[in-house]
Amino acid sequence: MQKDVPSATHSKDVAYRAADPALRQQVLGYRGFRFEGPNTQRRIVAPDGVVRVVLGFRGTLKVTDAVHPARSMGATSLVSGVRATGIVSEHSGPLHGVTIMMTPLGAHRLLNVPMSCLADRHLGLADLLDPRLIRQVRGLAHQGRGWEFLFSLLDEVLAALILRNPQPAPEVGDALRELLRSAGRTSVQQLAAQSRCSSRQLERGFLEQVGLPPKSLAQIVRLQEALRLKYTGLTWADTAAAAGYHDQSHLVRSFKALVGCTPSHFNRARSETDWDGPLDPLPVWIS
């Protein structure tokens, strides 16, 4: 669950805020960003089960699949669906905008499309939301009234768009919460039994409202649990055991399949830059 944050917190050119509590099951929070300078900035992000809606005001963000680099696109505004693999964000020159971090069920209610159409893909935002709305938010952002004003505006706009659409199927929501609670260790059969539906029905529901099947999402949740444990100071071997992998080699193989590199390379790549990218997860203090 997200904690309440009274105001935007600034870190260099980046501001964060959790969404309004009324939206917290759909919207995790906001990341405002404004980068200047000619240097190319590059950031790798592990898959985490979050849908990212990037509303850009200036510049072009290039997004590349970390495992399949031929899959790449550049855009000012885009939607990045739930992913089974990591992504690399990159830009050169000024970049200004805001990223809306959403749960997959919240994104499904907002966009009203099958989330399987967005899984492992990046689409232009104008293809999914009314371009007039995008222009309206951009216009207000250019008034220079600050991040807190923009985040509050997004709370209002998203509430009006999301809450008018039907809620997700309860069995999908229940199974998703159980996957998160168990750090990806609950089997699909157990999830289906707890949700009182068949495994096939549950998978169809996940493809419609999440984007990936339960088994794929469980791998992502377990990977995120391993990263969380590692950041507490455990060795990679102890991390693998605590996160439910057979051994450290199993963790490394899974990590490479999902992120495109070894865990050590991932940590090194992220520690070598203090640039906080538009697609990075929200800070832990609002998670």
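The model shown is predicted, which means the values in this text are computed figures rather than measured ones.

### Let's talk about the side chain of Asp-155
Next, step 1: By the secondary structure assignment, Asp-155 is in helix H3 (residues 147-162).
Next, step 2: When its relative accessible area of 10% is taken as the criterion, Asp-155 is described as buried.
Next, step 3: Within the structure, Asp-155 has its side chain in polar contact with the side chain of Tyr-30 (distance 2.6 Å).
Next, step 4: Look past the residues within four positions of Asp-155 in its chain and what remains in contact with it is Arg-17, Ala-19, Asp-20, Leu-23 and Tyr-30.

### Points about the confidence of the model for the protein
Next, step 1: Mean pLDDT for the protein: 89, with 94% of residues reaching 70 or above.
Next, step 2: Under a pLDDT of 50 for its full length, residues 1-11 has, in the predicted model, 34 contacts with residues more than four places off or in other chains.

### Description of the packing of aromatic side chains
Next, step 1: Going through the model one piece at a time under the given rule, you end up with four aromatic pairs.
Next, step 2: For the pair Phe-255 and Phe-266, a centre-to-centre distance of 5.5 Å together with 65° between the ring planes defines the contact as edge-to-face. Placement of the pair is Phe-255 in helix H9 (residues 248-259) and Phe-266 in helix H10 (residues 263-271), with a sequence separation of eleven residues. Grouping residues by exposure puts Phe-255 and Phe-266 together as buried.
Next, step 3: An aromatic cluster is built from Tyr-30, Trp-147 and Phe-151, whose rings are joined through pairwise contacts.
Next, step 4: When the ring centre of Tyr-245 is taken as origin, the NZ or CZ atom of Arg-222, which lies over that ring, is 4.5 Å away.

### Re H3
Next, step 1: With 16 residues, H3 ought to run about 22 Å at 1.5 Å a step, and its terminal C-alpha atoms sit 22 Å apart, in line with that.
Next, step 2: Listed in full, the buried residues belonging to H3 are Trp-147, Leu-150, Phe-151, Leu-153, Leu-154, Asp-155, Val-157, Leu-158, Leu-161 and Ile-162.

### Section: the pattern of salt bridges
Pairs may arise between side chains of opposite charge once their charged atoms sit close together.
Next, step 1: For the structure shown, the criterion picks out eleven salt bridges.
Next, step 2: Ionic pairing is found between Arg-17 and Glu-148, a salt bridge with its closest N-O pair at 2.9 Å. Taken together, the residues Arg-17 in strand S2 (residues 14-18) and Glu-148 in helix H3 connect sequence positions 131 residues apart.
Next, step 3: As a salt-bridge pair, Arg-17 and Asp-155 come within 2.1 Å of each other at their nearest N and O atoms. Of the two residues, Arg-17 is situated in strand S2 and Asp-155 in helix H3; the sequence distance between them amounts to 138 residues. Considered together, Arg-17 and Asp-155 belong to a single accessibility category, that of buried residues.
Next, step 4: Through salt bridges with shared partners, a single ionic network connects Arg-17, Glu-148 and Asp-155.

### Section: the packing of helix H7 (residues 214-230) against H9
Next, step 1: Between H7 and H9, the shortest axis-to-axis distance is 11 Å and the interhelical angle comes to 115°. Regarding H7 and H9, the two cross each other, and that crossing is left-handed. Only His-250, Leu-251, Phe-255, Leu-258 and Val-259 of H9 make contact with H7, whose side of the interface consists of Gln-219, Arg-222, Leu-223, Ala-226 and Leu-227.
Next, step 2: In terms of residue class, the contact of H7 with H9 is made up of seven nonpolar, two polar and one charged.

### A look at the sheet that holds strand S6 (residues 61-65)
Next, step 1: With respect to topology, four strands assemble into an open sheet ordered S4-S9-S6-S7, the strand pairing being antiparallel. Edge positions in the sheet fall to strand S4 (40-45) and strand S7 (72-75), since each of these pairs with one other strand and no more. Going across the sheet, the axis of each strand differs from the next one's by a mean of 20°, ignoring polarity.
Next, step 2: When S6 meets S7, the two strands line up antiparallel, connected through four bridges.

What counts as what
- Residues numbered from 1 in each chain as written.
- Predicted model: local features only at pLDDT ≥ 70, side-chain atom pairs only at ≥ 80, totals over all residues.
- Heavy atoms only, no water.
- Helix = DSSP H or I, 4+ residues; strand = E, 2+ residues; numbered from the N terminus.
- Buried < 20%, exposed > 50% of the residue type's maximum accessible area, 1.4 Å probe, protein only.
- Polar contact = N/O pair within 3.5 Å; in protein donor to acceptor, adjacent residues only side chain to side chain.
- Contact = heavy atoms within 4.5 Å.
- pLDDT = per-residue confidence, 0-100.
- Phe/Tyr/Trp six-rings, centres within 6.5 Å; stacked < 30°, edge-to-face > 60°.
- Lys NZ or Arg CZ within 6 Å of the ring centre and 35° of its normal.
- Expected span 1.5 Å × (residues − 1).
- Salt bridge = Lys/Arg side-chain N within 4 Å of Asp/Glu carboxyl O.
- Axes fitted to C-alpha atoms, helices over the stretch in contact; angles between N-to-C directions.
- Left-handed = near helix turned anticlockwise from the far one by under 90°.
- Nonpolar A, V, L, I, M, F, W, Y, C, P; charged D, E, K, R; others polar.
- Pairing = 2+ DSSP bridges.

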